[in-house]
Amino acid sequence: MNAPCLSAPPSTSGPLLSESDFAALARVIHLETGIFMPPGKRALMQSRLAKRLAARGLGSFREYRELVESRSDPDEIGLMISALTTNITRFFREGQHFDDLREKVLPGLLAQARAGGRIRMWSAGCSTGEEPYSMALSVLALCPEAPRLNIRILATDLDPVVIATAKAARYPAAALANLPDDVATGASRPDKADPEFVRIREDARKLISFRVLNLLHDWPFGGQFDVIMCRNVVIYFDAETRDRLWTRFAALQPSGARIYVGHSERIAGEVGALYVPSGITAYTRTETPPPGRGRSIAK
């Protein structure tokens, strides 16, 4: 659930970011992530990227722009994007989605799984892991035997830093203090190294595969997903990029599958024919796409 930080204090010292260098870096960011940074975000970019200049020992944004545009160090593009995005998330955020998942979607899917079926869910833009763990805990509340069934959750984000945090499954105890009653019991275990932290229960961790993935690039899987959560990811995409992503999701969802989007996001316009509204920022796939090719990464 990455999104550009909307406010940041402008840098009052250090190298200055020119209009041309800002435009060039914004162009790279848009090509890599779909995020559009208007001219009004120049002070934000200058403030956020000042540390990257210092880390690389560079004295100007022109040098940094040349480094990024040359693509001689692919890791730097990822670090730049990480510096410019923030991760605002929590367990069971936008609770109506998880109510819908537990009450309307999972019962039918779990019946299929118990009968030998294959169930796949995707947290697309998983940030530091709270969303996919909330999905896994919801599954376990209704189906304690889920790790023994063919049920898996794919969790992806373009930022390798947040993926590392998510894999660790370690959070402040206070972050799990107000879980829904039906999932709270046994959701975590105390961290032996620090009593103020907890680790998500092992069977929940076993349900999830974490991967670094840029949604605008190729997806190395072709299996279908019964549930997709892509929330607060596309809010800063331009319309063309946003609609292209909805279309790609639809191609991986069978008729009746559910997708959840952010509270400020909508699936509308021409791509709106692919999904029918099914609640507050929840949609159901309307058409059956051709069978997906290849295999799901969340095998």
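Just so you know, the residues in each chain are numbered from 1, in the order the chain's sequence is written. Since the coordinates come from a predicted model, pLDDT governs what is reported: local features require at least 70, and pairs of side-chain atoms require 80 or more to be given and counted, while whole-chain, interface and lining totals use all residues. Calculated side-chain values reflect all of the structure's heavy atoms, with hydrogen atoms and water omitted.

## Describing the layout of surface pockets
In this approach the atoms are scanned with a rolling probe the size of a water molecule, which exposes any empty space left behind.
Then comes step 1: A cavity here means a set of 1 Å grid points, computed over protein atoms only, where a 1.4 Å probe fits but cannot escape. A pocket is an open set with protein on both sides within 12 Å along at least 5 of 7 lines, and lining residues have an atom within 4 Å of a point. Grid points are joined across faces, edges and corners, and a volume is the space filled by probe spheres set on the points. Quantified by volume, the second largest pocket comes out at close to 180 Å³.
Then comes step 2: Every residue along the wall of the second largest pocket is listed here: E32, P74, I77, G78, I81, L158, P160, V212, L213 and N214.
Then comes step 3: Strands are runs of DSSP state E lasting at least two residues, helices are runs of H or I lasting at least four, and both sets are numbered from the N terminus onward. Among the elements that take part in the lining of the second largest pocket, helix α4 (residues 74-84) stands out by supplying 4 residues, more than any other.
Then comes step 4: Ten residue types, Ala, Val, Leu, Ile, Met, Phe, Trp, Tyr, Cys and Pro, are classed as nonpolar, four, Asp, Glu, Lys and Arg, as charged, and the remainder, Gly among them, as polar. Partitioning the lining of the second largest pocket into residue classes produces 7 nonpolar, 2 polar and 1 charged.

## Quick notes on the side chain of S278
Then comes step 1: Secondary-structure assignment places S278 in the loop between β11 (275-277) and β12 (282-285).
Then comes step 2: Separated by 3.3 Å, the side chain of S278 and the backbone oxygen of V276 make a polar contact.
Then comes step 3: Any two residues whose heavy atoms approach within 4.5 Å are treated as being in contact. Apart from residues lying up to four places away in sequence, S278 is in contact with D100, R258, Y283 and T284. Nitrogen and oxygen atoms within 3.5 Å of one another constitute a polar contact, given that in protein one can donate a hydrogen and the other can accept it, and given that sequence-neighbouring residues count only through two side-chain atoms.

## Let's talk about the environment of P107
Then comes step 1: As for its position among the elements, P107 is in helix α5 (residues 95-114).
Then comes step 2: Spatially, the C-alpha atoms of P107 and R170 are 29 Å apart, while their sequence positions differ by 63 residues.
Then comes step 3: Among all residues touching P107, those that are not within four sequence positions of it are L101 and R102.

## Brief notes about the sheet that holds strand β4 (residues 151-157)
Then comes step 1: DSSP bridges decide pairing: two strands pair if at least two such bridges lie between them. With mixed pairing, 7 strands are arranged side by side in an open sheet as β8-β4-β3-β9-β10-β12-β11. Strand pairing shows two members of the sheet lacking a second neighbour, β8 (208-212) and β11, which therefore form its edges. On average, adjacent strands in this sheet sit at an angle of 20° to one another, irrespective of strand direction.
Then comes step 2: Angles here are taken between N-to-C directions and fall from 0 to 180 degrees, while the axes themselves are lines fitted to C-alpha atoms, restricted in helices to the stretch in contact. Its contacts with the sheet place α5 against β3 (119-124), β4, β9 (227-230) and β10 (258-261), and it is angled at close to 155° to β10.
Then comes step 3: The strands that helix α6 (residues 130-142) touches are β3, β4, β8 and β9; relative to β3, the one it contacts most, it runs at about 155°.

## Some points on the pattern of salt bridges
Then comes step 1: By definition here, a salt bridge exists when the distance from a side-chain nitrogen of Lys or Arg to a carboxyl oxygen of Asp or Glu is within 4 Å. The tally for this structure, following the rule as stated, stands at 17 salt bridges.
Then comes step 2: As a salt-bridge pair, R65 and D21 come within 3.0 Å of each other at their nearest N and O atoms. Taken together, the residues span a long stretch of sequence, with R65 in helix α3 (residues 61-70) and D21 in helix α1 (residues 19-33) at a distance of 44 residues.
Then comes step 3: Per-residue accessibility, obtained with a 1.4 Å probe over protein chains only, is compared with the maximum for each type, and a residue is labelled buried under 20%, exposed over 50%, and partly exposed between these values. Accessibility expressed as a relative area gives 17% for R65, which makes it buried.
Then comes step 4: Looking at D21, the relative accessible area reads 4%, which means it is buried.
Then comes step 5: In this structure, R170 engages D191 in a salt bridge whose closest nitrogen and oxygen atoms are separated by 2.8 Å. A residue pair is termed long-range when its members are at least 10 positions apart, and R170 in strand β5 (residues 170-172) and D191 in strand β6 (residues 188-191) qualify at 21 residues.
Then comes step 6: Judged by relative accessible area, which is 11%, D191 ranks as buried.
Then comes step 7: Connected via shared salt-bridge partners are D21, R62, R65 and E69.

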